[in-house]
Amino acid sequence: MAGDLVARVLVDSPLPQLDQLFDYRVPERLREVVRAGMRVRVPLRTGGRIANAWLVELGDHSEFAGRLSELDDVVSEAPMLTPEVWRLARAAADRAAGNASDILRLAIPGRYVRAERAWLTAEPDPGPLPVDPPAPPGGMEGALARGLATGERMALAADARPVRLPDGTWVGAWASELALAAANVLASDRSAILVVPDYRDQEQLEAALGALVDARRVLRTDARQTGPARYRAFLDATGEAARIIVGNRSAVYAPAARLGLIAFWDDGDGLMNEPLSPGVHPRDAALIRQEQSGAALLFAGHTRSVEVQRLVELGWVHEVPLQKPVRPRIVVTERQAQTEPGSARIPSAAWREAQEAAALGPVLVQVARPGNAPLLVCDRCREPAKCAACSGPLAIPRSGGAAVCTLCGTAASAWRCPVCEGTKLRAATVGASRTAEELGRAFPRTRVILSDGERPVLRVEPEPALIVATRGAEPFAEGGYRAVLLLDGERMLLRETLRVAEDCLRWWSNAAALAAPGAPVFLVGVAGELASALATWRQPEWAAHELASRRTLRFPPAIRVASVTSGRERLARALDAVTEAVPGVDVLGPVPVEDGLERALVRFDYGQGAAVARTLEAEMIRAATERRKPVAGRQVKRPILRVRFDDPEVP
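What you see as residue numbers is a count from 1 along each chain, following the sequence as written. Given that this is a predicted model, residues contribute local features only at a pLDDT of at least 70 and side-chain atom pairs are listed and counted only at 80 or more, while totals for whole chains, interfaces and linings are drawn from all residues. By convention in this description, side-chain values take in all heavy atoms of the structure and omit both hydrogens and water.

S.K.: Now, about the overall build of the protein chain: what can you tell me, with residues and values included?
M.R.: For helices the rule is a DSSP run of H or I covering at least 4 residues; for strands it is a run of E covering at least 2, with both sets numbered from the N terminus onward. Of regular secondary structure, the protein chain possesses 17 helices and 30 strands. The globule rule used for comparison is 2.2 Å times the number of residues to the exponent 0.38, while the radius of gyration itself is calculated over C-alpha atoms. The globule rule puts the C-alpha radius of gyration for 651 residues at 26 Å, and the 27 Å found for the protein chain is close to it. Overall size of the protein chain, expressed as C-alpha extent along the three principal axes, is 90 × 70 × 45 Å. Within the protein chain, buried positions represent 52% of all 651 residues. Sequence separation of 24 or more characterises 72% of the internal contacts of the protein chain that already satisfy a separation of 6 or more. Surface exposure of the protein chain reaches about 29800 Å², of which carbon and sulfur atoms provide 50%. By the counting rule applied here, Lys and Arg register as positive and Asp and Glu as negative, while His and the ends of each chain are not counted. For charged residues, the charge sits on one atom: NZ in Lys, CZ in Arg, CG in Asp, CD in Glu. Charged side chains in the protein chain number 82 positive and 80 negative. The centres of these two groups are separated by 4 Å. Only protein chains enter the calculation, and the probe is 1.4 Å; a residue is then buried if its accessible area is under 20% of its type maximum, exposed if over 50%, and partly exposed in between. Any two residues whose heavy atoms approach within 4.5 Å are treated as being in contact. Every accessible area reported is derived by Shrake-Rupley at a probe size of 1.4 Å, with residue values counting cover from the shown protein chains alone.

Rendered as structure tokens:
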């Protein structure tokens, strides 16, 4: 095919057999407009269909000896797939036995023609670069500053305190630290990508950046934007100007000119888990991108995730301690006293501190769940009470009365504990609404503010108030809270998941960091190593102990896990193929899951990941291309073989 202009494209399809580059001849009518990175339309031989695709690269020859089909049309006028993003998408998909097109669907937003044409005709003005920005909080002998300059991988324990910006806005010290690091990278004409769990953290980070760099140099990308605004921000990121890109988990795939920093805040947050196929965690994508680009990589948080702790112990990530860290004053109260009126859930010491603090400023009360009705447990063994009809949780209605199922409404009049045969129920936790009502009666002259997922509150003023918030929905108080009460700790630890202790430590640490310096933080109803780690503010040591335990039990992240779901026969063939191709893998299961399907877990060491991914991907292609004989009067069902690497749903 010498002499022709050949386009190598990736078809935008979830079918695993199409996850490869296909060659198409560029017709004469498109040779002047076609460029690598554009969206195009190509014909498929099956059924004469026209499919969307990404033009990855252009060449002058093809290895295919036959006649090439022609490109049908060019969809977008602007190239959106940069070579760096393509390499990242390909590597991330191969690691997870997924499709690169699924990664690109996360990385590149939907097209808006009007926004694209306005961007093409506009004259770019990204604003000036920062001049002599303040030095980052360098830790011991400027370790952070050196790491930013040399492209190291670092783990930073952020200061646990609120700070005031020059314009009077209050943000967490972590936001100021990340903003300073990004501004220093931007001053050297390099881009930075800052990834945070949700919009609350994003608002603080943008406020901190606004005090350091020109607003035109900061690009926001998240689901709260309108479609055209997000698409316009993405197009700006594809330009040659260095930018600071702030967003949630998908921002790790954003194009960035001369990438100099990828920074994560709280990478262990559950909101960082990618629910869409192939489910690559942004932390793993960032590690791949850091190796490809040579940019610095920074993991910051009040609580270090066990995954980052593993990288620190391997020497792959270097720990950066702060020179003078600020730590909250944690008070652990395992036993709950009930001597004060209305204080059944709050110990006496915490109750008195809350009364004094509420007269001076805001007081935070963190609870486990929203709503009004308390969840119930067995009074004897503390086993969560489940409905006998549907296994839903039992709770007390808002209007009072007997316990009923929250799902089907069945009364629990004849309930009996399946563990200890007990018949008495007790409240395990009270919802945020009920807590706010009780505290409102106990503090009649104090304003009570409720913040949860349905009624989020971002900020509160420094005036006296009681703020009742569910975990993760705590508002930021200007100047910090005068006291923090962490309730329902025992109930939070009842969640049936491997990561319950890690999650609880992170929730409590993030809430404690909202307190003003020196303000008391009471952890109620929790004792042991977890409470000690919070009280001494030694979360990395707890993460090291947790990792050692998981290594002994061969639990993630000490090893990797792939969940494989299919019918019994097909699942058996896939597992046989993996165990034969990759010696040493460990298979757990299978167990039935749904609709006649079964699931098995494949455990393997990190060095075996590439071989396991290739083998399972080949099995998925075999299942997708297998022909089945039609049965008269029945619709032929497509064979199912689902594979998920590092599945967060695996307990």
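Still more to cover.
S.K.: Could you give an account of the sheet that holds strand E3 (residues 39–43), naming the residues involved and the relevant values?
M.R.: In short, DSSP must find at least two bridges between two strands for them to pair. The sheet built from five strands is open, its strands ordered E2-E1-E4-E3-E5 with antiparallel pairing. For this open sheet the edge positions go to strand E2 (21–25) and strand E5 (73–74), each flanked by a neighbour on one side alone. Direction of pairing for E3 relative to E5: antiparallel, over a ladder of two bridges. If you follow arginine 41 over to E5, its bridge partner there is aspartate 73.

S.K.: Lay out helix H13 (residues 500–512) in plain terms, naming residues and giving numbers.
M.R.: Residues lying three or four places apart along an α-helix face the same way, a consequence of the helix completing one turn every 3.6 residues. Every helix has an expected span of 1.5 Å times one less than the residues it contains. Spanning 13 residues, H13 covers 18 Å between terminal C-alpha atoms, matching the ideal 18 Å at 1.5 Å per step. For H13, the buried fraction is high: 12 of the 13 residues fall into the buried class. Three or more residues of H13 are buried, namely Val500, Ala501, Glu502, Asp503, Cys504, Leu505, Arg506, Trp507, Trp508, Ser509, Ala511 and Ala512.

S.K.: I'd like a description of the side chain of glutamine 366, backed by residues and values.
M.R.: Residue placement: glutamine 366 occurs in strand E16 (residues 362–367). Polar contact criterion, stated in full: a pair of N or O atoms within 3.5 Å, where within protein one must be able to donate a hydrogen and the other to accept it, and residues adjacent in sequence count only if both atoms are side-chain atoms. Polar contacts involving the side chain of glutamine 366 include one to the side chain of glutamate 474, which spans 2.7 Å. Contact partners of glutamine 366, with chain neighbours within four places excluded, come to Ala469, Arg471, Glu474, Leu485, Leu486, Leu487, Met492, Trp507, Trp508 and Ala511.

S.K.: Let's hear about the side chain of arginine 289: which residues, and what values?
M.R.: By the element assignment, arginine 289 lies in helix H8 (residues 282–293). Taking relative accessible area as the criterion, arginine 289 reaches 0% and is therefore assigned buried. Sequence-distant contacts of arginine 289, defined by excluding residues within four places in its chain, comprise Glu84, Val85, Leu88, Ile193, Val252, Tyr253, Ala254, Pro255, Ala256, Leu259, Ile262 and Gly294.

S.K.: If you had to explain the packing of H13 against helix H15 (residues 539–553) to someone new, which residues and values would you point to?
M.R.: It is the contact of H13 with H15, at a shortest axis distance of 11 Å, that shows an interaxial angle of 170 degrees. Here H13 is positioned roughly antiparallel relative to H15, judged by the angle of their axes. Contacts between H13 and H15 involve Ala501, Glu502, Leu505 and Ser509 from the first element and Gln539, Trp542 and Arg550 from the second. As a working rule, the residues Ala, Val, Leu, Ile, Met, Phe, Trp, Tyr, Cys and Pro are called nonpolar, Asp, Glu, Lys and Arg charged, and the rest polar, with Gly in that last group. Of the residues contributing to the contact of H13 with H15, the split by class is three nonpolar, two polar and two charged. Simply put, an axis is a line fit to the C-alpha atoms, just over the touching stretch for a helix, and the angle between two N-to-C directions goes from 0 to 180 degrees. Note on terminology: angles under 35 degrees are roughly parallel, angles over 145 are roughly antiparallel, angles of 65 to 115 are roughly perpendicular, and the others are oblique.

S.K.: Quick rundown of the pairing of strand E12 (residues 259–265)? Include the residues and the values.
M.R.: Across the seven residues that make up E12, a large majority, seven, are buried. Across five bridges, the pairing between strand E9 (residues 191–195) and E12 is parallel. Across the sheet, residue valine 195 finds its bridge partner in E12, namely phenylalanine 264. Note: E12 against strand E13 (residues 296–301), five bridges, orientation parallel. If you follow isoleucine 262 over to E13, its bridge partner there is leucine 297. Note on handedness: a clockwise path from strand one over the helix to strand two, with the strands aimed away from the viewer, defines a right-handed crossover. Between the parallel pair E12 and E13, the chain is carried across by H8, and the sense of this crossover is right-handed.

S.K.: Outline the nonpolar core, supporting the account with residue identities and numerical values.
M.R.: One finds Leu81, Leu104, Tyr253, Phe264, Leu616 and Phe645 to be the most contacted residues of the largest nonpolar core, which totals 68 residues. If you tally residues by element for this core, the top one is helix H1 (residues 83–95), at six residues. Not counting residues up to four positions away in its chain, the partners in contact with leucine 104 are Leu10, Trp54, Leu81, Val85, Trp86 and Ala89. Buried Ala, Val, Leu, Ile, Met, Phe, Trp, Tyr and Cys residues that are joined via side-chain atoms within 4.5 Å together make up what is termed a nonpolar core.

S.K.: Got a sec to walk through the packing of helix H3 (residues 113–121) against helix H7 (residues 227–237)? Specific residues and values, please.
M.R.: The geometry of H3 relative to H7 is characterised by a closest axis approach of 9 Å and an angle of 35 degrees between their N-to-C directions. Pair H3 / H7 crosses with right-handed handedness. Facing H3, whose interface residues are Ala115, Glu116, Ala118 and Trp119, H7 presents Pro228, Tyr231, Arg232, Leu235 and Asp236. Here the contact of H3 with H7 is composed, by residue class, of six nonpolar, no polar and three charged. In a left-handed crossing the near helix is turned counterclockwise from the far helix by less than a right angle, and in a right-handed crossing that turn is clockwise.

S.K.: Any details on the packing of aromatic side chains? Residues and values, ideally.
M.R.: Within a pair of aromatic rings, the relevant descriptors are the distance that separates the centres and the angle that separates the planes. For this analysis, a ring pair means two rings from Phe, Tyr or Trp (six-membered ring only for Trp) whose centres lie within 6.5 Å, classed as stacked if their planes differ by under 30 degrees, edge-to-face if by over 60, and tilted for the remaining angles. Under the definition given, this model contains three aromatic pairs. An angle of 35 degrees between the planes, with centres 5.6 Å apart, marks the rings of phenylalanine 264 and phenylalanine 299 as tilted. Separated by 35 residues along the polypeptide, phenylalanine 264 in strand E12 and phenylalanine 299 in strand E13 bring together distant segments of the chain. Of the residues examined, phenylalanine 264 reaches a relative accessible area of 0% and is grouped as buried. An angle of 65 degrees between the planes, with centres 5.8 Å apart, marks the rings of phenylalanine 604 and phenylalanine 645 as edge-to-face. One end of the pair, phenylalanine 604, is in strand E29 (residues 598–604); the other, phenylalanine 645, is in strand E30 (residues 641–645), with 41 residues separating them in the sequence. Between the NZ or CZ atom of arginine 153 and the centre of the ring of tryptophan 316, over which it lies, the distance is 3.6 Å. Geometrically, a lysine NZ or arginine CZ counts as sitting over a ring once it is within 6 Å of the ring centre and also within 35 degrees of the ring normal.

S.K.: How would you summarise the environment of valine 131 if you had to cite specific residues and measurements?
M.R.: Tracing the backbone shows valine 131 in the loop between H3 and helix H4 (143–150). Residue classification places valine 131 among the exposed positions, given a relative accessible area of 71%. Spatially, the C-alpha atoms of valine 131 and valine 460 are 34 Å apart, while their sequence positions differ by 329 residues.

S.K.: Please give an account of empty space enclosed by the protein that cites residues and values.
M.R.: Space inside and on the surface of the protein is sampled on a 1 Å grid over the protein atoms alone, with a cavity defined as a set of points where a 1.4 Å probe fits but cannot get out and a pocket as an open set with protein on both sides within 12 Å along at least 5 of 7 lines; lining residues have an atom within 4 Å of a point. Grid points are joined across faces, edges and corners, and a volume is the space filled by probe spheres set on the points. Summed over the entire model, instances satisfying the criterion amount to six cavities of 30 Å³ or more. Here the largest cavity defines a volume of roughly 120 Å³. Forming the walls of the largest cavity are 14 residues, and the residues nearest its centre are Ala107, Thr221, Phe234, Ile245 and Ala254. Among the elements of the structure, helix H2 (100–107), strand E10 (218–221) and H7 are those that each provide at least two residues to the lining of the largest cavity. Looking at the lining of the largest cavity, the element that brings in the most residues is H7, giving four residues. Taken as a whole, the second largest cavity spans an internal volume of roughly 100 Å³. Mapped by element, the contributors of at least two residues to the lining of the second largest cavity are strand E6 (153–157) and E13. The class makeup of the residues in the lining of the second largest cavity is seven nonpolar, four polar and three charged.

S.K.: I'd like a rundown of the sheet that holds strand E28 (residues 586–592), residues and numbers included.
M.R.: Taken in spatial order, the four strands of this open sheet run E28-E29-E27-E30, and their pairing is antiparallel. Strand pairing shows two members of the sheet lacking a second neighbour, E28 and E30, which therefore form its edges. This sheet shows a mean twist of 15 degrees between the axes of neighbouring strands, independent of strand direction. Pairing geometry for strand E27 (residues 560–566) and E30, over five bridges, is antiparallel. In the sheet register, threonine 565 faces E30, and the bridge partner there is arginine 642.

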